[in-house]
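Working through the structure, step by step
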Amino acid sequence: MTTHAVTLQPSNATVVVPTGALLSDVLREAGIDVAQPCGGQGRCGRCVVRVERGSIRRRSALRLSAEDLAAGYALACQTVVEGDAVIAVPEQEAVARRLTTDRPASAFTLRFPYDPTTDQTIRVVPLTLQPPTLTDSIDDVARLQRGLAAAGVGPVDIPLPVLRALGPQLRDAEWQVAAIVEQGTWQHPDGPARLIELVPQSAISNQQSAILFGVAIDIGTTTVSVQLIDLEHGTILDGASEYNGQIARGEDVISRIISAGRGENGTGLEELRALVLGTINTLLGRLLQRQHLKAEDVVKAVVVGNPTMIHLFLGLTPASLRLAPYVPVVNHPQPITAAEAGLAIHPQAGVDCLPGVAAYVGADITAGTLAAGLQSTDALTLFIDVGTNGEIVLGNREWLVSCACSAGPAFEGAGVVDGMRATRGAIEEVWINSATHEPTLRVIGDVAPRGICGSGLIALVAELFISGVMDRGGNLKLDLGSSRVRVGAHGPEYVVAWASATSTGRDIVLSKVDVDNLMRAKAAIYAGFTVLAQSVGLELDAVERFLIGGSFGQYINIEKAVQIGLLPDLPWERFEFLGNTAVKGAALALLSRSARAEVAAIASRTTYLELSADNTFYDAFTNALFLPHTDLGCFPSVARLINGG
């Protein structure tokens, strides 16, 4: 086998690899983590490197201009080594996060009656056991079971790791112990209890505060959120969020499914599982440190996420999710332990992944539906979780129907030439003067801009359209006499910020490619609304409440979203932003037996509409590929605005 030495700058690390090795694999072997939001498909351009010298072969240069190629740039995921080489790796984008990592506990409080004796499955049972004697020499387990039965708990399953420590624990505590038990599961509420741990009674009696804690975990495609919950009082103590580490291997679920299938013997799948566990456990450690708790204090977890995220979390191959007829390995995973899941909490803590509906409507949506209250309202309600994927539920207490549409990563700033996540330096709001075509910007952190995030992209396209810089087809008008509108490397573009005003020293632009990506994303979501409503014989104006969930949904400007045709043209008072409904629903299920049963009922009675099998979706999607729509009658407020009425 012929091998070659690849030296990486500025670290000066050298890796010896065989002919044909991918540069992205070379970088990974050297411990250099280069983002691959598209999952290594060469679509995003984020893994760009510069070839200083040596022999390489580019399999694709889709995201590179002629000037980039002349300067030696290459995409690491699309470039193979064919000889010794020196590769310069640019400094990777630092993710300075605008996330709710330090919100006060009061912001998380759930306001509902809570009685842990009836609502909670976790109990602490104090026991005073009679020590064994020659006349009472039953084994330790039988003695413990007898004591638990006398306290009204039993029978109790004892996992082997707990059993191994049981004898010494009983004797060290002089038979004065407290049993932490979980009583039944959601499938079998009257089933056998499970012993999580034995602790000395003295440890319980000396404790001045709560001793039982749980966590609600939302594994989003983009963001992972965790809430730490006091199971004894039903209060949420703290919460933290972090970008999902899997983003480096793909910013959408399809890219991650592809990435999971790479490598031999499931190495791609295991890498993605390790990345998300790393994110979750980092958040857990942060919360426990802030609350001065130990990992063993957390004895219960509820996990939600879309089906791809749940598959990757559990180490289940997600390949079938992207292949017709789109069948998941499991919609309703059985509860497992934290040790099996790899969570850094009590190893015997129960981990419950809430049930989903279908391949693209998962536990994040059933939990979100619970939190939004669709299952208990008489009003016709449409609930959407806006993000990399757009999942939609329509209905009320009588019926529920759902669908999912692939919006793509444009709303998160990916697939955009100067796109970035909603972090410090991101343009998040834009206003354009109709006379001069000059922009006014609002930037996160009030600093010089570095790029534009999803909410800024929506605002910018809306302003360009309303101010007359862009036509209804999303085409920039090159005859306006403005230096802001020009032809760039990717076709017509609008200069949002000149190089002299940016932190990068480069112009920040919106290209026709960017506009097309956004148009497809908004068209998919609007078509999803429309087809879902029409599938039950309704029009969108019949919807009485329009609920928007998801972290990204909190930052959408309703007026601008309507102007581009992302949201329907309904009275503004019908819209309500709910924030992260997935983690709220997970917290409810963690605390309440009845809420957990309600999630299962939501999943079982929600009808799923597969849009790819619905012939009307393509027509609806095509009609929505204009600003705001081919039929201006669907958007009367926008029609009045552009017609001067």
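Summary of the structure given here. Computed from a predicted structure; not experimentally measured.

**Notes on empty space enclosed by the protein**
Enumeration over the complete set of coordinates arrives at 4 cavities of 30 Å³ or more. Forming the boundary of the largest cavity are 14 residues, of which Pro307, Ile310, Val330, Asn331 and Gly356 lie nearest the centre. The biggest single contributor to the lining of the largest cavity is helix α9 (residues 307–314), with 3 residues. A per-class count over the lining of the largest cavity returns 8 nonpolar, 6 polar and no charged.

**So, the nonpolar core**
Counting residues in each nonpolar core, the largest one holds 79 residues, and the members touching the most others are Ile217, Ile219, Ile280, Phe313 and Leu343. At 9 residues, the largest contribution of residues to this core is made by helix α8 (residues 267–290). Leucine 343 has contacts with Ile217, Leu277, Ile280, Asn281, Ala301, Phe313, Ala338 and Val351, leaving out every residue within four places of it along the chain. Core analysis: the next-biggest nonpolar cluster, separate from the first, contains 68 residues, Phe465, Val496, Ile548 and Leu627 among them.

**Side note on helix α11 (residues 363–372)**
Structurally, the α-helix is built with 3.6 residues per turn, so residues lying three or four positions apart point the same way. With respect to burial, α11 is a largely interior element, 9 of its 10 residues being buried. The complete set of buried residues in α11 reads Ala363, Asp364, Ile365, Thr366, Ala367, Gly368, Thr369, Leu370 and Ala372. Immediately downstream of α11, the backbone of glycine 373 shows phi near 80°, a positive value.

**Section: the sheet that holds strand β19 (residues 426–432)**
Taken together, the 3 strands give an open sheet; going across it, the order is β20-β19-β21, and neighbouring strands pair in mixed fashion. Since the sheet does not close on itself, it has two edges, and those belong to β20 (439–443) and β21 (451–452), each with one partner. Where β19 meets β20, 5 bridges bridge the pair, whose relative direction is antiparallel. Counted as the bridge partner of isoleucine 432 is proline 439 from β20.

**Looking at the side chain of glutamate 242**
Mapped onto the elements, glutamate 242 comes out in strand β12 (residues 235–243). A polar contact of 3.3 Å, which involves the side chain of glutamate 242, links it to the side chain of arginine 286.

**Some thoughts on the pairing of strand β22 (residues 485–488)**
Pairing of β22 with strand β23 (residues 491–497), which is carried by 4 bridges, proceeds in the antiparallel orientation. Counted as the bridge partner of arginine 486 is glutamate 493 from β23. In this structure, the hairpin formed by β22 and β23 is closed by a connection of 2 residues.

**Focus on unusual backbone geometry**
Of note, the bond from alanine 324 into proline 325 is cis; its omega dihedral lies within 30 degrees of zero at 10°. Along the chain, proline 325 turns up in the loop between α9 and β14 (336–337). The amide bond that connects leucine 627 to the next residue, proline 628, takes the cis arrangement and shows omega of -15°. Inspection of the secondary structure puts proline 628 in the loop between α17 (615–623) and α18 (636–642). Notably, tyrosine 326 is not glycine yet its phi reads approximately 60°, a positive angle. Residue position: tyrosine 326 is located in the loop between α9 and β14. Positive phi is not limited to glycine here, since histidine 437 has a value of about 65°.

**A look at the packing of aromatic side chains**
One pass over the full model with this rule turns up 6 aromatic pairs. Ring centres of tyrosine 526 and phenylalanine 635 lie 5.4 Å apart, and the angle between their planes is 40°; on these two criteria the pair is classed as tilted. Note that tyrosine 526 is positioned in helix α13 (residues 512–535) and phenylalanine 635 in the loop between α17 and α18, a separation of 109 residues in sequence. For tyrosine 526, a relative accessible area of 6% translates into the label buried. By relative accessible area, phenylalanine 635 is classed as buried at 0%. Ring centres of phenylalanine 617 and phenylalanine 621 lie 6.2 Å apart, and the angle between their planes is 25°; on these two criteria the pair is classed as stacked. With phenylalanine 617 and phenylalanine 621 both in helix α17 and 4 residues apart, the pair spans about one turn of that helix. Exposure remark for phenylalanine 617: the relative accessible area of 16% places this residue in the buried category. Through successive ring pairs, a cluster of aromatic residues spans Tyr526, Phe529, Phe546, Phe575 and Phe635.

**Looking at the environment of threonine 133**
Here threonine 133 is to be found in the loop between β6 (122–128) and α4 (140–150). Among the polar contacts listed, one links the side chain of threonine 133 to the side chain of threonine 135, at a separation of 3.1 Å. Polar side-chain contacts of threonine 133 include one of 3.0 Å to the backbone nitrogen of aspartate 136.

**Some points on the sheet that holds strand β24 (residues 508–511)**
The 3 strands lie next to each other as β22-β23-β24, forming an open sheet whose pairing is antiparallel. Here the strands that pair on one side only, and so sit at the sheet edges, are β22 and β24. When the angles between neighbouring strand axes are averaged without regard to direction, this sheet yields 45°. On the sheet, helix α12 (residues 454–466) packs against β23 and β24 and is oriented at approximately 65° with respect to β24. Lying over the sheet, α13 contacts β23 and β24, oriented at roughly 60° with respect to β24.

**Some words on the pattern of salt bridges**
Applying the stated criterion across every chain, the model contains 23 salt bridges. Among the salt bridges present, the one from glutamate 52 reaches arginine 50, with a minimum N-O distance of 2.5 Å. A residue is classified by how much of its surface remains accessible, and arginine 50, at 29% relative accessible area, is partly exposed. With a closest N to O distance of 3.7 Å, glutamate 576 and arginine 545 form a salt bridge. Linking glutamate 576 in strand β26 (residues 575–579) with arginine 545 in strand β25 (residues 545–549), this pair joins segments that are 31 residues apart in sequence. When its relative accessible area of 25% is taken as the criterion, arginine 545 is described as partly exposed. Salt bridges linked by common partners bring Arg28, Arg249 and Glu271 together as one network.

How each quantity is defined
Residues numbered from 1 in each chain as written. Predicted model: local features only at pLDDT ≥ 70, side-chain atom pairs only at ≥ 80, totals over all residues. Heavy atoms only, no water. 1 Å grid on protein atoms, 1.4 Å probe; cavity = no way out; pocket = protein on both sides within 12 Å on 5 of 7 lines; lining within 4 Å. Points joined across faces, edges and corners; volume = space filled by probe spheres on them. Helix = DSSP H or I, 4+ residues; strand = E, 2+ residues; numbered from the N terminus. Nonpolar A, V, L, I, M, F, W, Y, C, P; charged D, E, K, R; others polar. Core = buried A, V, L, I, M, F, W, Y, C linked by side-chain atoms within 4.5 Å. Buried < 20%, exposed > 50% of the residue type's maximum accessible area, 1.4 Å probe, protein only. Contact = heavy atoms within 4.5 Å. Pairing = 2+ DSSP bridges. Polar contact = N/O pair within 3.5 Å; in protein donor to acceptor, adjacent residues only side chain to side chain. Phe/Tyr/Trp six-rings, centres within 6.5 Å; stacked < 30°, edge-to-face > 60°. Axes fitted to C-alpha atoms, helices over the stretch in contact; angles between N-to-C directions. Salt bridge = Lys/Arg side-chain N within 4 Å of Asp/Glu carboxyl O.

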